[in-house]
Amino acid sequence: MQFWKKITPKERQIRIQKALSENVNFSYDTSLGYPASKLDGKVFNDEAPFLKDAPILQTYVANPNHIGCHTFGDSEKAFRGTQEIEREVLNVLAVDVFKAEPNSFDGYIATGGTEANIQAIWMYRNYFVNKLNAKPTEIVIIASEDTHYSIPKAANLLMLDWLKIPVDFETRNIDAFSLENIIINAKKREKKYFIVVSNMGTTMFGAVDNPEDYIQILEKHDLKYKLHIDAAYGGFVYPFSNKASAINFENQKISSITIDAHKMLQAPYGTGVFICREGLIENVLTKEAEYVEGMDLTLCGSRSGANAVAVWMILFTYGPFGWCEKIRILQMRTEWLCEQLEALNVNYFREPFMNIVTIEAQNINQELVKKFDLVPQKHDENNQWYKIVIMDHVEIDHLMTFITDLKATIQKNIETIKV
Ligand SMILES: *Cc1c(COP(=O)(O)O)cnc(C)c1O
């Protein structure tokens, strides 16, 4: 760990105060040119005494704008203090968690995983066009059928085809045989450039794709590709529960990663993280963004610096060991649930390093769904799965009530069959 450590509340407060003092202060400084100010003083009192001990709220009221990308070239000087906080967050995630070399990457805190995924696909589409002279029709996205809907959304926006790779019903593994056939057929249809999205934790199952499945087949067919990891769901779980994970920047084939801080890290919404190797993000430069200091390299425009501060606060409150402990606890609860399901002979899917259990629908009736707020894979009569996500607030007591009710339902079913 080069950047990530646990620090005291006092140290955190001092660090954030220092960052805010390096930003423009709309209460005292003369600042004439920006369509920006602190939050409306009639509604948000910046002298409220409790703000003193609440660095995140203080930042919300100061209202820094993190427009642009702060790992590349110049940025707006007015907010350089909190931009540095954002760089510290990116260093922790890119270097300490996902094993990039220091100063070898670009990135920013996006509105969420959706934006970070679109940013990645946009960047690769332009890379293929700019650097390899690709025609847009020769570029295609490949990802499994369990992939998040932000990928078809990106395909629609960027006018690219998405080749959907089937997965095995039980293991949720990519069907390598279908993958190869789909790639061979795409090649016949003049597709030459492949944007691969490999999941670290699918939304419905928590399944983790093996990027080597894609790498092997694409290289066997001598095709050009770029590989993005969608770790929106699993990015704050899998690298901690599976210390041997090789899905990180040490693998030279992996070029970018999406990590949502507003899911497992419990940060406020608006904290999706996008990280890519250096030398790529320039492909989405919008030259026309002339009034913004520095280069415009991000999908969104204005965004709150308070989001960076919120993620920073969580990371530096726990530190790496504290975070590992938290994940261990979630893993133990997940294991408990799986053992109970096995004792009841109920079929489920669980990636062993993830905190999500997806149960086959035949055992689950509508009463259980309602009472426990279970999420179906599909909101129609074809649904085959319901999931339970073991978050911080999902304790063994809750799971125990669920298991008791499930047992009673199964018992009742057996009795009906007997009659
Ligand atoms: C939630 C999720 C996303 C999208 O994230 P938002 O933050 O809701 O935009 C993308 N990919 C995966 C795997 C997800 O679970």
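Structure shown above.
The model shown is predicted, which means the values in this text are computed figures rather than measured ones.

A. Region of the structure containing the overall build of the protein chain. Along the protein chain, the regular secondary structure elements total 11 helices and 11 strands. Over its C-alpha trace the protein chain gives a radius of gyration of 23 Å, about what one expects of a compact globule, namely 22 Å for 419 residues. Taking all 419 residues of the protein chain together, 56% fall into the buried category. Positive and negative side-chain charges in the protein chain, numbering 44 and 54 respectively, have mean positions lying 1 Å apart.

B. Geometry of the sheet that holds strand β1 (residues 105–110). Overall, mixed pairing links the seven strands, which are arranged β1-β7-β6-β5-β4-β2-β3 in an open sheet. Both outer strands of the open sheet, β1 and β3 (161–165), are each paired with one neighbouring strand and no more. Each neighbouring strand pair of the sheet contributes to a mean axis angle of 20°, computed without reference to strand direction. Pairing of strand β4 (residues 193–199) with strand β5 (residues 224–231) involves seven bridges; the strand directions are parallel. When the sheet's bridge partners are listed, I195 is paired in β5 with K226. Those strands touched by helix α3 (residues 80–97) are β1, β6 (254–260) and β7 (272–277), and its axis lies near 115° from that of β1.

C. Region of interest: the pairing of β3. By the bridge criterion, five bridges tie strand β2 (residues 139–144) to β3 in an arrangement that is parallel. In the strand pairing of β3, V140 is matched with D161. Between the parallel elements β2 and β3, the chain passes through helix α5 (residues 150–158) in a crossover that is right-handed.

D. Geometry of helix α2 (residues 55–62). For α2, every residue scored as buried is listed here: P55, Q58, T59 and V61. What you see down the axis of α2 is that its buried residues fit within an arc of 160°, all on one side. A positive phi of about 60° marks N63, the residue just after α2.

E. A look at the packing of aromatic side chains. Scanning the model with the defined rule gives 13 aromatic pairs in all. With a centroid separation of 5.9 Å and an interplanar angle of 80°, the aromatic rings of W4 and F240 are classed as edge-to-face. Placement of W4 in the segment before α1 (9–22) and of F240 in helix α8 (residues 238–241) is noted, with a sequence separation of 236 residues between them. Relative to Y193, the ring of F128 lies with its centre 5.2 Å away and its plane at 40°, an arrangement referred to as tilted. In this pair, F128 is assigned in helix α4 (residues 113–132) and Y193 in strand β4, connecting sequence segments 65 residues apart. With relative accessibility at 1%, the residue F128 sits in the buried group. Pairwise contacts between aromatic rings join F169, F205, F349 and W385 into one cluster. Above the plane of the ring of F205 lies R172, whose end atom (NZ or CZ) is 3.9 Å from the centre. Directly above the aromatic system of Y127 lies the positively charged group of K226, at a separation of 4.8 Å from the ring centroid.

F. How the structure looks around the layout of surface pockets. Here the largest pocket defines a volume of roughly 610 Å³. Lining the largest pocket are 21 residues, and of these D373, V389, M391, H393 and V394 sit closest to its centre. For the lining of the largest pocket, the two domains that each supply at least three residues are domain 1 (62–318) and domain 2 (320–418).

G. Local environment of the sheet that holds strand β9 (residues 356–360). Overall, antiparallel pairing links the four strands, which are arranged β8-β9-β11-β10 in an open sheet. Edge strands, defined here as strands with exactly one partner in the open sheet, are β8 (348–349) and β10 (375–376). With five bridges joining them, β9 and strand β11 (residues 385–389) adopt antiparallel strand pairing. Of the residues in β11, the one forming a bridge with I356 is V389.

What counts and what doesn't
Residues numbered from 1 in each chain as written. Predicted model: local features only at pLDDT ≥ 70, side-chain atom pairs only at ≥ 80, totals over all residues. Heavy atoms only, no water. Helix = DSSP H or I, 4+ residues; strand = E, 2+ residues; numbered from the N terminus. Rg over C-alpha atoms; globule rule 2.2 N^0.38 Å. Buried < 20%, exposed > 50% of the residue type's maximum accessible area, 1.4 Å probe, protein only. Lys, Arg positive; Asp, Glu negative; His and termini not counted. Charge placed at Lys NZ, Arg CZ, Asp CG, Glu CD. Pairing = 2+ DSSP bridges. Axes fitted to C-alpha atoms, helices over the stretch in contact; angles between N-to-C directions. Contact = heavy atoms within 4.5 Å. Right-handed = clockwise from strand over helix to strand, strands pointing away. Arc of directions from axis to C-beta. Phe/Tyr/Trp six-rings, centres within 6.5 Å; stacked < 30°, edge-to-face > 60°. Lys NZ or Arg CZ within 6 Å of the ring centre and 35° of its normal. 1 Å grid on protein atoms, 1.4 Å probe; cavity = no way out; pocket = protein on both sides within 12 Å on 5 of 7 lines; lining within 4 Å. Points joined across faces, edges and corners; volume = space filled by probe spheres on them. Domains from an automatic or database assignment.

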